[in-house]
Structures are given as structure tokens and as C-alpha cells.
Amino acid sequence: MTTTRELTLKTEPFVLNIGPVHPSTHGVYRMRCTLDGEVVVDIEPVFGYLHRGIEKLAEERTYTGFIPLTDRLDYISPMSNNLGYCMAVEKLAGIKVPERAEYIRVIMAELQRLANHCIAVGSMLNDAGAYFTPFMYTFRERERIVDLFDMVCGQRLTYNYMRIGGVSQDIPGEFLPALHKLVDRLTIFIEEYENLLKLNEILLARAKGVGILEKDTAINCGISGPVARASGIKWDIRRNDPYSIYDRFEFDIPTCENGDCYDRYRVRIEEMRQSLRILQQAMKQVPKGPVKADVPHLIRPPAGEAYAHIEAPKGELGYYIVSDNSIAPYRCHIRPTSLINLAALRQMVKGWKVADLIIIFGSIDITMGEVDR
Amino acid sequence: MAIFDSALIQPLAMQVTPPDWPGGYWWHWLFFTVAIIAFVLIMVMGAIYLERRGMGRMQSRLGPNRTGPFGLLQPVADAVKVLLKENIVPTTADKIVHWLAPVVAFAPVLVIFAVVPFQNGAMLADLNIGILYVVAVSSIATVGVFMAGWGSGNKYSLLGAMRNVAAVVSYEIPMVLAIVGVVIVSGSLSMNQIVTGQDIPYILVQPLGFLIFFIAACAEINRSPFDLMEADSELTAGFHTEYSGMKFAMFYLVEYAEAIAMSAIIATLFLSGWRGPWLPPWLWFIIKTFVVFFVMVWTRTTLPRVRIDQLMGLAWKFLFPLALINLFVTAIQVVVWPDISQWIFVIVNIAIAAVLILLWSKFFKLGQGRVEV
């Protein structure tokens, strides 16, 4: 290979800067790519453009006052962020959440997973070049989910719905019938959506076998969520370390074997189905009762530390909180799913073309708000 | 060899005088020069409107509907907006090349219409080598695109321009071979005579040729799924990344004028051009052009984008052999059975096309493309 090149034309790799402002970097991610023609020789990720110091800000706020800031971490799925943080504080302060609130939390978390995977799948196909059609379809369905969130908390993006010891307010009477309708609608939608491009020759050629993430690499890099499950790791915190009331529901953990972009796409579609299953069970069982435990306005957890992790739509989302018995956390560390899932990007894209780099990056599904915090 | 007589010598010998149009006067040239420019501009506006509204419908959104009735004035508003924008030339750009590129790209697209018949004989020049002229002229636009890519001094532009040149060089071959099939059947290179010869539209007589030509035309004019020269999710805008204001408007115009030109040529070669019952011929021509353009919009909204190596593979391993076989079969049919009814060839050729495509798709896969680095 080298000799042919020397005989014909002298070529040399060049550096192409993808991002921070680029249609496919899902925010302000930046990759300094070394390219040999179209082939990616190396990439060097650069991030921090969206750093707001949220972990430090936590130390300045009361425990309740930090909840709105968690919305701004992974702004695609704020409900999960709320849930993870509230669980950590509850663990620290030893607060018992009422039954009804647990059900509402699970319903919200699963709706959030559906909304997140809608965006993840749509934007991955958009990165593959299907000009906005799959993206708009999923956004249409996400709108329906956001309507429900709007119904319970009056917000459409940063919900700020969960509270320490429960949720901020009870669900309105029309919520459960609307949820019932939505679940039926989404069941049909997922079938239709999968049929749109499932066996499309171009998508298969673009995504199958592309950007393979080996099982060992995935474990070594600490990758979690759908990306890990697509590589064949059967790891889901809802099952492996059950929290809230997930042990009461029947659902499967979809896994795939190859760990390529197509598998990550399929795992997400399958997880949407499983979320619908959980929702179907949960909405039938919602009990009556209070939605918030009796907690004081200014919580002073006993000195100590706690780590709570949940299966957020993108993977394991953890909050580590240290308390010094004051009204604000002494230290709050967030285990960001998106950042850790990016760890294997370099191994995944080496040797593929620029076009593959975009689709591999899209298939990981990151939010810059969470990467940079 | 009767075939060569009819194909090449006869049109040269024959003085073409359109029967229902007074040709040959000086005002004929003047009228058609003005008419073609007006036609191209108006058709481009129609195409932009059709694409934006049609894509809006397909993507479950409305599309532009604020300017004028049904948003009909949106192309005008876009044009005015873009003309008022500042013209920015990057400091790294090669100024002269950067300035010339839009002109070089636009002129050939305009002159293609010189030989397209709007009605029987209603064309600027009824060249006896009309289709050859189209093939020759349409590839000159690539020079403009490459000038834009090189002159901008931007790596995205350069990558896009490189892809464009590679694609056009490859797709020219199956495209021309598909045209040769039509020329053999019609026995003429003149666009007007190809239309007058189409008692049966050549889409039926040459189904394989039509498919090859359509795919190759899509690749040549950067329409999805082969739009990787301006792949927005990879190269932001490809070769015209660094253009703004009027020069960008020129490239925008070129893009749609090329699409309209190719639609017009497909309508002329395969859909019997201006021929049709009841309606006036020029209206038939416009309707057919827009139908072809609509199919291009349709594929754009549905399909993901192929990668550069897959694009090359499709041209050389799939379209090229099929085009050769198509040419061979057509030649045999015309030489061996010159007097037989074309309806028999319609059935035979559709069967051959179906069998060939099925067989070839078994052997041919778009394939993966990892390179060891």
C-alpha cells in the first residue's frame, strides 16, 4: 500500500476541525480530526464550551434550590435528572417517598425515556442523511409526550417537577386518560417508524458493521445504557440494582450482539417498546394518597455522603452528594452519562470515513449540557 | 447497417424545419434566449416552492405559508433576502477563482435548455447532436463547483468539491450509456426527433435505461441520496460553505436549475416530452418536468445518504455493467428485429430489467469500508 502511494502521488494527512459549531455535533462538541483524504486517522475531542460549573453551583444552593439546575444538565431528559438527584438527597436524609409519588416518578421517567429515544433515533437517522423526515416524525411524537409534562408541571423543556420526598404537585384528573391514549398511539407509531427504514439498503450499508464497539472496550471505558447494551452487555440499573418501584414491573432488557450503529438504533427502538410496557402496567396501578413526604423546606441532612444512580435514558446517571449538615451540599458530583459514553469514540471511528464519523457520533446519543456540565 | 444510417447520417442530411413554429428568423433567437432565461428562473421558483412545501407535507409540518397566498411568494422573499446579504470573501480564498466559480457553474446549466424542445420545434436550436451537446455541457458545471471548493480555501469546501468531481466523472459513464440506448431506439441525437419518435414513451421501451439515467442524474446534480457533495450533516454545506449573498444565490439557483434541467431531459428522453393529449404541448412538457422533479423531492425526504465509496461502488459495479447490458440488448433488438412492433420490446425489456436488477442486487452489496490506519 505504502509503495503504491509513493509511486503515484505524495499525500499527507490534514487536520479538519469539526465543531464546535456544526450541524451534527449535537451542541458544541468539537473534534479535531486528522484525515487522510476521507479516512479518519485520529480524532481529538475538545469539550468545555458549555461548561457552567453546575457542580460548583450546587454548593451555593439549598438542596431544593439545586433541582432546577439539574434540568439544565441533560436538557433532553430533565425528568431523569430530577429523579436521580432527588433520590440521592432522599438517601442522604433518609426520607421515605409515598407510594403514589413513586408511581408518578416511574411514569415520568419512562415517558422521558421515550422522549429521549425519540430524539436519539431521529437525530441519528438525520446524521445518516435522511433529510429531517425521521427526525420530524419523532419530534411530532415527542411533542405529545411533552404535552403530558406540560399538563403536570406547566413546563415543556425544563420541568423542575420532582421534589425531595415526592413530586411538586399531584397529576391532574385528565392525565391518566391522556396517558392511556398516548401509549396506544406510540405503540402504533413505533411499528410504523421501524418499518420506515428498518430494512432500507442504504441505512443497512451505512450503519451495519460501522463503528463497532467491542464488549471489552465498552466495559473498560465504563460505557452504560443503550450503547453498552448494543454491544451485548446485559446491564440495566433498573434490574441490576433496582431503585424506586421498578422491581414490581415486568419488562425485558433488550440487547444486541454486534455493537454497531445499527444495533444501537435497534436497542433504542426496542427500549421504547419496553418503556411502553412499563407504562401500561404502571398506569393501571397508581394508588391514591399523598404525592410528597413531609419534609421541611430547608433540608439539613445529617453529615455523611450518598451516591444514588438511576438508569437514565442515556445510561447510568449518578449523583454523589456529601453533606456537612448545612442547608447546602458540601460537594455534589455528577456522573455524566454522555461524557463517559464518549470515552470510546476514538477507538470506534478510527479508519472509518468522515461520513461514518458523523453517524457513529450520532449513534452514541449525547447531550452537551451533560458532557460539559 | 441501417441503424447507423438512421442514427447519425440522416439528421445531418436533413434540414430540420419545425412544422408549427416559424424558425430561423433573428427574433427566433432573441425570443428563445429571453424565454429560456425567464423559463429557468420561473421554473426554479416553482421548484423551490414545490420542494419546500412538498417536503413540509411529507415531514408532517406545514412548510412556508406566510408570504403571499399559500406561501407562493416564499422563493421571491428568499431571493430578496439573500441579495441583501453581505458578500463575504474569506481571507484565505483565491479571490478570482472564488468570484468566477458561481458564473462558471451557472452558465452551462442555462445553455442546456437551448436544445430542450418545449413544443414541436419550439427550441432555441434544434441541434442534430442535441443530446450529445447536453451531456458535454452539463459536465462543465462541475468545473465551477470545483473552482468554488478550491477557491474558498476551506477544507469542507474542498472535500465537497472532491466528492463532486469523483461522482460526476463516475456517473457520466452509466448516464451516457443509458442515453445511447435511447438514441439507438429513436435513431436520432436531436432532442426534438427523439420526442417525435416516441409513440410509446421510452420509459416503457427502455425501463432499465430510465432507471440508470434517473439514478445517475440524481448523482450528477447532487440530489439525495447522493447529495454528499453538500451533505449538510457532514460538510455543513460542502462546496458553497464560504459563499454568501448574491454568489450563494447563484449556487442555490444552479442547484435547482440543474435539477430542473435534468428533469426536463428525463421528461424529453423517456416521458415523450411535449407529447400528450388534450392539453397544449408546452404544458405537458412542464407537467412532466415537475413530475420528475417531484420524484426527486420524494426520494430526498425518504432515503439516507450513501457514503463516497458506496457511491463509487454503485456507479462502477452496479450501474455500469447494467448500462452495458442494456446497450447490448437494445442494439441487438434494433438490428435483428427492426420492423417488429415496439410493444413487444416493452414487455421483453421490462422483464429483462426486472431479472437483471434482481440478479445484480444478489451479487452487489453497498459494502463496508473500514481502512486500517
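*Asks:* Can you help me understand the overall build of chain A in this one?
*Replies:* What chain A contains, in helices and strands, is 16 helices and 8 strands. Here the C-alpha atoms of chain A give a radius of gyration of 21 Å, agreeing with the 21 Å that 2.2 N^0.38 yields for 373 residues. Sorting the 373 residues of chain A into buried and exposed places 51% on the buried side. Counting contacts in chain A only where the partners sit at least 6 residues apart, residues at least 24 apart contribute 71% of the total.

*Asks:* Could you clarify how one ought to interpret the overall build of chain B in this entry?
*Replies:* A tally of helices and strands in chain B yields 15 helices and 0 strands. Here chain B has a C-alpha radius of gyration of 21 Å; the compact-globule value for 373 residues is 21 Å, and the two agree. With the principal axes as the frame, chain B shows a C-alpha extent of 65 × 60 × 40 Å. Across the 373 residues that make up chain B, the buried fraction comes to 48%. Partitioning the contacts of chain B with sequence separation of at least 6, the portion at a separation of at least 24 is 80%.

*Asks:* Sorry, what's going on with helix H14 (residues 308-336) of chain B here?
*Replies:* Structural remark: α-helix, 3.6 residues per turn; residues separated by three or four positions point the same way. In this model H14(B) runs 41 Å from its N-terminal to its C-terminal C-alpha over 29 residues, within 8% of the 42 Å that 1.5 Å per residue would give. At Leu319(B), H14(B) shows its largest bend, some 35°, and a proline, Pro321(B), comes one to four positions later.

*Asks:* Explain the environment of Leu72(B) to me, please; I cannot follow it from the model alone.
*Replies:* Of note, Leu72(B) is situated in the loop between helix H2 (26-58) and helix H3 (74-83). For the pair Leu72(B) and Glu51(B), spaced 21 residues apart in sequence, the C-alpha to C-alpha distance is 12 Å.

*Asks:* Even after reading the chapter, I still don't get the pairing of strand E6 (residues 304-312) of chain A, so can you show me in this structure?
*Replies:* Looking down a regular strand, the side chains alternate between one sheet face and the other. Residue and element names in this part refer to chain A. Across 9 bridges, E6 lies against strand E7 (residues 315-323) in antiparallel orientation. Across the sheet, residue Glu305 finds its bridge partner in E7, namely Val322. Turn length for the E6-E7 hairpin, with the two strands adjacent in sequence and antiparallel, is 2 residues.

*Asks:* In this structure, what is going on with the sheet that holds E6(A)? I would like to understand it.
*Replies:* Strands pair in a sheet through their backbones, by hydrogen bonds, and they do so in one of two ways: parallel or antiparallel. All names here are of chain A. Strand order across the open sheet formed by 3 strands is E6-E7-E8, with antiparallel pairing between neighbours. Only two strands of the sheet have a single partner each, and these edge strands are E6 and strand E8 (331-335). Neighbour-to-neighbour, the strand axes of this sheet turn through a mean angle of 10°, independent of strand direction. Strand contacts of helix H4 (residues 78-93): E6 and E7, with the helix running at about 150° to E6, the strand carrying the most contacts.

*Asks:* Is there a simple way to explain the sheet that holds strand E1 (residues 14-18) of chain A in this structure?
*Replies:* Residue and element names in this part refer to chain A. Strand order in the open sheet formed by 3 strands is E1-E2-E3, with antiparallel pairing between adjacent strands. Across the chains shown, the open sheet's two edge strands, defined by having one partner strand only, are E1 and strand E3 (39-46). In this sheet, neighbouring strand axes are inclined to one another by 25° on average, regardless of whether the strands run parallel or antiparallel. Two strands pair when backbone bridges link them, and strand E2 (residues 30-36) and E3 are joined in this way by 7 bridges, in the antiparallel orientation. From the neighbouring strand, Asp36 faces E3, where its bridge partner is Val39.

*Asks:* Before we go on, may I ask you to explain unusual backbone geometry in this structure?
*Replies:* Keep in mind that most residues, glycine aside, have a negative phi and that most peptide bonds are trans. Located in the positive-phi region is Asn160(A), a residue other than glycine, with phi close to 55°. Relative to the elements of secondary structure, Asn160(A) occurs in the loop between helix H6 (133-153) and strand E4 (162-163). Residue classification places Asn160(A) among the partly exposed residues on the basis of 17 C-beta atoms within 10 Å. Located in the positive-phi region is Trp278(B), a residue other than glycine, with phi close to 65°. With respect to the helices and strands, the residue Trp278(B) is situated in the loop between helix H12 (245-270) and helix H13 (281-302).

*Asks:* Help me out: how do you make sense of the interface of chain B and chain A in this one?
*Replies:* Where interface size is given, it is often the accessible area lost as the parts come together that is meant. The partner chain A presents 37 residues to the 31 residues of chain B that form the contact. Elements with a minimum of two residues in the side of chain B that touches chain A: helix H11 (232-235), H13 and H14 of chain B. Of the residues in the side of chain B that touches chain A, the class split is 11 nonpolar, 11 polar and 9 charged.

*Asks:* Got a minute to help me understand the nonpolar core in this structure?
*Replies:* Core analysis: the biggest nonpolar cluster contains 215 residues, and Phe213(B), Ala216(B), Ile260(B) and Ile266(B) have the highest contact counts within it. Excluding residues within four positions of it along the chain, Ala216(B) makes contact with Tyr171(B), Pro174(B), Met175(B), Ala178(B) and Leu319(B).

*Asks:* Explain the environment of Val168(B) here, please?
*Replies:* All names here are of chain B. Mapped onto the elements of the fold, Val168 is located in helix H7 (residues 155-186). Classification of Val168 as buried rests on a count of 23 C-beta atoms within 10 Å. If we skip the residues at most four places from it in the chain, Val168 touches Ser139, Thr142 and Glu220.

*Asks:* Would you mind going over the confidence of the model for chain B with me for this structure?
*Replies:* In regions of low pLDDT, the predicted coordinates are not meant to be interpreted in detail. Residue and element names in this part refer to chain B. Overall, the predicted model of chain B reaches an average pLDDT of 82, with 91% of residues at or above 70. Within chain B, helix H10 (residues 207-220) carries the highest mean pLDDT (89), whereas helix H1 (residues 2-13) carries the lowest (40). Segment residues 1-15: pLDDT under 50, and 16 contacts once partners within four positions in sequence are set aside and those in other chains are kept. For this predicted complex, the interface confidence reaches an ipTM of 0.81, while the overall pTM sits at 0.84.

*Asks:* I keep staring at the packing of H7(B) against H10(B) and nothing clicks. Help me out?
*Replies:* The relative placement of two packed helices is expressed as an angle between their axes plus a distance between the axes. All names here are of chain B. Their axes nearest at 8 Å, the elements H7 and H10 cross at an angle of 150°. When the axes of H7 and H10 are compared, the pair comes out roughly antiparallel. You can see that H7 and H10 cross each other, and the crossing is left-handed. Here H7 contributes Ala167, Val168, Tyr171, Pro174, Met175, Ala178, Ile179, Gly181 and Val182 to the contact with H10, which in turn contributes Gly209, Ile212, Phe213, Ala216, Ala217, Ala219 and Glu220. Broken down by class, the residue content of the contact of H7 with H10 amounts to 13 nonpolar, 2 polar and 1 charged.

*Asks:* Sorry, what's going on with the environment of Leu132(B) here?
*Replies:* All names here are of chain B. Among the structural elements, Leu132 can be located in helix H5 (residues 130-138). Judged by the 16 C-beta atoms lying within 10 Å of it, Leu132 is partly exposed. With 57 residues separating them along the chain, Leu132 and Leu189 place their C-alpha atoms 7.0 Å apart.

The rules behind these values
- Residues numbered from 1 in each chain as written.
- Chains lettered and ligands numbered in written order.
- Predicted model: local features only at pLDDT ≥ 70, side-chain atom pairs only at ≥ 80, totals over all residues.
- Helix = DSSP H or I, 4+ residues; strand = E, 2+ residues; numbered from the N terminus.
- Rg over C-alpha atoms; globule rule 2.2 N^0.38 Å.
- Buried ≥ 20, exposed ≤ 12 C-beta atoms within 10 Å, placed from the backbone.
- Contact = placed C-beta atoms within 7 Å.
- Expected span 1.5 Å × (residues − 1).
- Bend = angle between axes of the 7 residues up to and from the residue.
- Pairing = 2+ DSSP bridges.
- Axes fitted to C-alpha atoms, helices over the stretch in contact; angles between N-to-C directions.
- Nonpolar A, V, L, I, M, F, W, Y, C, P; charged D, E, K, R; others polar.
- Core = buried A, V, L, I, M, F, W, Y, C linked by C-beta atoms within 7 Å.
- pLDDT = per-residue confidence, 0-100.
- Parallel < 35°, antiparallel > 145°, perpendicular 65-115°, else oblique.
- Left-handed = near helix turned anticlockwise from the far one by under 90°.

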